Amino acid sequence: MIVRVLGSAAGGGLPQWNCACANCRAARTGRLARRSQSGLAISADGERWLLLNCSPDIATQIEAFAPLQPQQARGTPILGMLLTDANVDHLGGLATLRQAGATGFIVRSSAVVREIATAQPAFAPFAQPPHRWLEVPLDRTCQSEGAGDIVGNELSVRAISVPGVTPGYDGRRRRQGAVVAYEICERGRDNRLLFAPVFASIDEALMRAVSAANVAFVDGSFYSDDELIAAGLLPKRTRDLGHQPVGGAGGTLERLSGSTTRLIFTHLNNSNPMLDPQSPAHAQTRAFGADISYDGMELRF
Ligand SMILES: [Zn+2]
Ligand SMILES: [Zn+2]
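Residues numbered from 1 in each chain as written. Chains lettered and ligands numbered in written order. Predicted model: local features only at pLDDT ≥ 70, side-chain atom pairs only at ≥ 80, totals over all residues. Heavy atoms only, no water.

## Considerations on the coordination of the zinc ion (ligand 1)
What counts is decided by this rule: For Na, K and Ca the donor cut-off is 3.2 Å, and for all other metals it is 2.8 Å, counting N, O and S atoms only; because water is absent from this set, sites may look incomplete. Every geometry call rests on angle ranges, with four donors termed tetrahedral when all angles are between 85 and 135 degrees, four termed square planar and six termed octahedral when opposite donors are over 155 degrees apart and all others are between 65 and 115, and everything else termed irregular. Secondary structure elements are taken from DSSP: a helix is a run of H or I of four residues or more, a strand is a run of E of two residues or more, and numbering for both begins at the N terminus. Remark: exposure states derive from per-residue accessible area (1.4 Å probe, protein chains only) relative to the maximum for the residue type, with buried under 20%, exposed over 50%, and partly exposed in between.
The zinc ion (ligand 1) binds to the protein through D89 (OD), D89 (OD), H90 (NE2) and H267 (NE2), with metal-donor distances spanning 2.0 to 2.8 Å. With four donor atoms in place around the zinc ion (ligand 1) and angles of 51 to 162 degrees between them, the coordination shape is irregular. Every donor residue of the zinc ion (ligand 1) comes from the same chain, spaced as D-H-x176-H. Highlighted residues: D89 in helix 3 (residues 88-91) and H267 in the loop between strand 11 (262-266) and helix 8 (280-288), separated in sequence by 178 residues. Across the pair, H267 and D89 agree in class, each one buried.

## Some thoughts on the sheet that holds strand 3 (residues 49-52)
Remark on secondary structure: sheet strands pair via backbone hydrogen bonds, oriented parallel or antiparallel. Our working rule: By definition, two strands form a pair when at least two bridges between them are found by DSSP. For helices, the axis comes from a line fit to the C-alpha atoms of the stretch in contact; other axes are also lines fit to C-alpha atoms, and the angle between any two N-to-C directions lies between 0 and 180 degrees.
The strand order across the open sheet built from seven strands is 6-5-4-3-2-1-13, with neighbouring strands paired in mixed fashion. With partners counted over all chains shown, the strands left at the sheet margins are strand 6 (132-135) and strand 13 (298-300), one partner each. Going across the sheet, the axis of each strand differs from the next one's by a mean of 20 degrees, ignoring polarity. The sheet contact formed by strand 1 (residues 2-7) and strand 13 spans three bridges and is antiparallel. Paired with V3 across the strands is L299, a residue of strand 13.

## Things to note about the side chain of S110
Keep this limit in mind: We call two N or O atoms a polar contact when they sit within 3.5 Å, provided that within protein one can donate a hydrogen and the other can accept it, with sequence-adjacent residues counted only if both atoms are side-chain atoms.
Examined against the element boundaries, S110 turns out to sit in the loop between strand 5 (106-109) and helix 4 (111-118). Of the residues examined, S110 reaches a relative accessible area of 2% and is grouped as buried. Here G177 takes part through its backbone oxygen, which lies 2.6 Å from a polar atom of the side chain of S110.

## Observations regarding helix 1 (residues 22-29)
Filter applied, for reference: The arc in question is traced by the directions running from the helix axis to the C-beta atoms.
Residues N23, C24, A26 and A27 constitute the buried set of helix 1. Relative to the axis of helix 1, the buried residues are bounded by an arc of 160 degrees and lie together on one face. Exposed and oriented more than 90 degrees from the buried face of helix 1 are A22 and T29. A positive phi of about 95 degrees marks G30, the residue just after helix 1.

Take a look at the structure:
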């Protein structure tokens, strides 16, 4: 399986247009690398690709990665998308990809995410031909929808319901299926990838999925629970926003200590001190043995 990190930042990216926090300033001066909003592209053969989330930065991300660029006068090697939730930074790129032509995309998400997202005029067309927006069954393997489908043919995909809330524009309601993680392997192989860029906590099912994976991309949005408050950015706690902090008591590092899976933190908010290689938070994450994803990172396994 080929995995390309298209973007590694949470909503807003790094720098975020209206933010002058220490990390955003460092990204503007070039001391820290810029990051676009998060998402992965994956493929079994390097020719047919599936997007895991589709950020508003998708057009720039396609231009930065030749295998996602068209091979004919009009066309795309992208066959479809898997969406973990209905946050705009995870599906806003659909609005950019609306000139998809006659073939269309196969979009997959939970029923809750489809309901919330397709109520928005920008995303409603993806539930109409030539596109298809399919519901992923929770905790069961997705079926193939025919030859033009990468899911089920080349890749075996299972959606795992994880603790989380609906987006701010839907009131941050706790609903089953508001957020899912995806467990993916190549058909006939056991090279298991877990994509869990958002979760409010790690329950037993998510813990099992992390252990079973070879590589797990996990929620690295915030390092501490009061990070936004301490920096004077937003009077909100990390846990109120539906994310488990990486550090501290009950944080992801503590919860996943002892895991032998290769852990890669992604979806980093620009406030997160892990972004700065000179910070103690970065050192602690690396000492734990975990990686921090970056735009353009590639894995083959
Ligand atoms: Zn996000
Ligand atoms: Zn910032």
